[in-house]
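Geometric and topological summary
Given next are the chains, with one letter for each unit.
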Amino acid sequence: DCIKIFSPATVANVSCGFDVLGFCLDHIGDEMIIKKTKERDIKITKIKGANLPFEVEKNVAGAAALAIYQDAKPDYGFEIEIYKKIKPGSGIGSSSASASGVVFAINQLLGKPYNATQLTQFAMKGEAVASGCEHADNIAPALFGGFTLVKSTQPLEVLSLPTPADLYATIIHPQIEVKTAEARAILPKKVDLQHAIQQWANVGSFVHALHTNDYDLLSESLKDKIVEPYRSKLIPYFDDVKNAAINAGGLGTGISGSGPSIFTLSKDEKTAKNVEKAIQNVYSKTDIKFNTYVCKIN
Ligand code: HSE
């Protein structure tokens, strides 16, 4: 009647796939404990590691829990304990870890009546509390694992994509604030046709590369002509990080979600660690505090 879960961090967009592509990191994430209770309601009883609201409707995990609870209508309730390890506002899916973790755990305690797509739908209600819009590109990889592509949000359709065996991600989180709402507001409402052509060629190539384990093609398609030119201005030393990562052998570098974290994909763990050293060097020379992580993608 009680479950403890790990809820993973995720990287949305993956350069060419704004609002559709995402992948899951294997050991960075939050922990949550969910307990069945006799009272028929949802309560948040503990939050450690971040200053977040206890009011259920205003809390990302609370809102997601309510969405699944109101659909399932069990004759008992749930208490939620949240142990945040992912910093809110870091760009590696902090809110979606809370939202997807809680719905995954409640589904287990209910006896698993819902599939991953339905859980994604519930978790999106929580994500909406954080960002004002229901996007699924962090939630889907957290719930499905590996790489995902959100084919459509209404109705919700998620494609689970294969992950090449030796793919690693290096993440650097410079501790500056980039608000998702602002990072969305600065984007142009219309895109140039030539850029759109390059972008859909890259998304298609990227998906093909995942299916065929083609690391060279994957590297060539990790480009973003549409969003990155605007958002990279919000992240100091972005170009330096990108150059350092590529020189260290990385396959490609981009903004993680709406930033400020920056991700680099690499073909093996050794390269991913070399990339980590190279990008640490870039930020070590500045006043900006940062964290780095190396993760396998699965
Ligand atoms: N796809 C979203 C964006 C993710 O880039 O705005 C935000 O976490």
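Cut-offs and rules
Residues numbered from 1 in each chain as written. Predicted model: local features only at pLDDT ≥ 70, side-chain atom pairs only at ≥ 80, totals over all residues. UniProt positions renumbered as here; feature names shortened; annotations may be inferred. Axes fitted to C-alpha atoms, helices over the stretch in contact; angles between N-to-C directions. Helix = DSSP H or I, 4+ residues; strand = E, 2+ residues; numbered from the N terminus. Parallel < 35°, antiparallel > 145°, perpendicular 65-115°, else oblique. Left-handed = near helix turned anticlockwise from the far one by under 90°. Contact = placed C-beta atoms within 7 Å. Nonpolar A, V, L, I, M, F, W, Y, C, P; charged D, E, K, R; others polar. Buried ≥ 20, exposed ≤ 12 C-beta atoms within 10 Å, placed from the backbone. Near = placed C-beta within 6 Å. Core = buried A, V, L, I, M, F, W, Y, C linked by C-beta atoms within 7 Å. Pairing = 2+ DSSP bridges.

Per an unreviewed UniProt entry, the protein carries the name Homoserine kinase and comes from Mesoflavibacter zeaxanthinifaciens subsp. sabulilitoris. If you open the UniProt record of the protein and go to Pathway (unreviewed entry), you find "Amino-acid biosynthesis; L-threonine biosynthesis; L-threonine from L-aspartate: step 4/5." Checking UniProt for the protein, the heading Catalytic activity (unreviewed entry) contains the comment "L-homoserine + ATP = O-phospho-L-homoserine + ADP + H(+)".

Time to look at the packing of helix H1 (residues 60-72) against helix H2 (residues 94-110). The description of two helices packed together rests on the angle between their axes and the distance between the axes. Where H1 meets H2, the axes come as close as 8 Å, and the angle between the chain directions of the two elements is 30°. Taken together, the axes of H1 and H2 lie roughly parallel to each other. For the pair H1 and H2, the crossing hand works out as right-handed. Along the contact surface, H1 presents Val-60, Ala-61, Ala-64, Ala-65, Ile-68, Tyr-69 and Ala-72, while H2 presents Ser-95, Ser-98, Ala-99, Val-102, Val-103, Ile-106, Asn-107 and Leu-110. A class-by-class count of the residues in the contact of H1 with H2 yields twelve nonpolar, three polar and no charged.

Okay, unusual backbone geometry next. Cis peptide bonds are those with omega within 30 degrees of zero, and the linkage from Gln-154 to Pro-155 qualifies with 0°. Inspection of the secondary structure puts Pro-155 in the loop between strand S5 (147-153) and strand S6 (156-161). Residue Pro-260 follows Gly-259 across a cis peptide bond; omega there is 5°. Within the secondary structure, Pro-260 sits in the loop between strand S8 (252-255) and strand S9 (262-266). Backbone geometry places Asp-19, a non-glycine residue, at a positive phi of 70°. If you trace the backbone, Asp-19 turns up in the loop between strand S1 (2-12) and strand S2 (21-37). Although it is not a glycine, Asn-213 adopts a positive phi angle of roughly 55°. Along the chain, Asn-213 falls in the loop between helix H6 (193-212) and helix H7 (215-221). Residue classification places Asn-213 among the partly exposed positions, given that 14 C-beta atoms sit within 10 Å.

Taken from the UniProt record, the annotation "domain: GHMP kinase N-terminal" (unreviewed entry) applies to residues 62-146. Each end of residues 62-146 is marked by a C-alpha atom, and these two atoms are 26 Å apart; helix forms 59% of the span and strand 8%.

Moving on, we get to the environment of Ser-90. As for its placement among the helices and strands, Ser-90 is situated in the loop between strand S4 (77-83) and H2. The spatial distance from the C-alpha of Ser-90 to the C-alpha of Val-178 is 8.0 Å, given a sequence separation of 88 residues. Setting aside anything within four residues of it in sequence, one finds Ser-90 in contact with His-173 and Ser-261.

The next subject is the site of the ligand. As a matter of local geometry, the ligand sits amid Ala-12, Asn-13, Asp-19, His-135, Asp-137, Asn-138, Thr-180, Ala-183, Arg-184, Gly-257 and Ser-258. In the shell around the ligand, the residues fall into two nonpolar, six polar and three charged.

Right, let's get into the UniProt feature "domain: GHMP kinase C-terminal" (unreviewed entry) in the protein. Annotation from UniProt places "domain: GHMP kinase C-terminal" (unreviewed entry) at residues 207-284. Spanning residues 207-284, this segment combines 55% helix with 12% strand, and its end C-alpha atoms are found 35 Å apart.

Attention now goes to the packing of H2 against helix H3 (residues 116-131). Taken N-terminus to C-terminus, the directions of H2 and H3 make an angle of 145°; their axes are 8 Å apart at the nearest point. Of the two elements, H2 crosses H3, and the hand of that crossing is right-handed. Each of Ser-95, Ser-96, Ser-98, Ala-99, Ser-100, Val-103, Phe-104 and Asn-107 in H2 lies in contact with H3, whose residues at this interface are Leu-119, Phe-122, Ala-123, Gly-126, Glu-127, Ala-130 and Ser-131. Its residues assigned to classes, the contact of H2 with H3 comprises seven nonpolar, seven polar and one charged.

Quick look at the nonpolar core now. Residues Ala-64, Ala-65, Ile-80, Val-102, Val-103 and Ala-169 are the most contacted members of the largest nonpolar core, which totals 87 residues. In terms of residue count, the dominant contributor to this core is H1 (nine residues). Sequence-distant contacts of Ala-169, defined by excluding residues within four places in its chain, comprise Val-11, Leu-25, Phe-263, Thr-264, Leu-265, Ala-272, Cys-295 and Ile-297.

What follows concerns the sheet that holds strand S10 (residues 290-296). With respect to topology, four strands assemble into an open sheet ordered S8-S9-S7-S10, the strand pairing being antiparallel. A single partner strand is all that each edge strand has here, and the edge strands are S8 and S10. Each neighbouring strand pair of the sheet contributes to a mean axis angle of 20°, computed without reference to strand direction. Pairing of strand S7 (residues 168-174) with S10, which is carried by seven bridges, proceeds in the antiparallel orientation.

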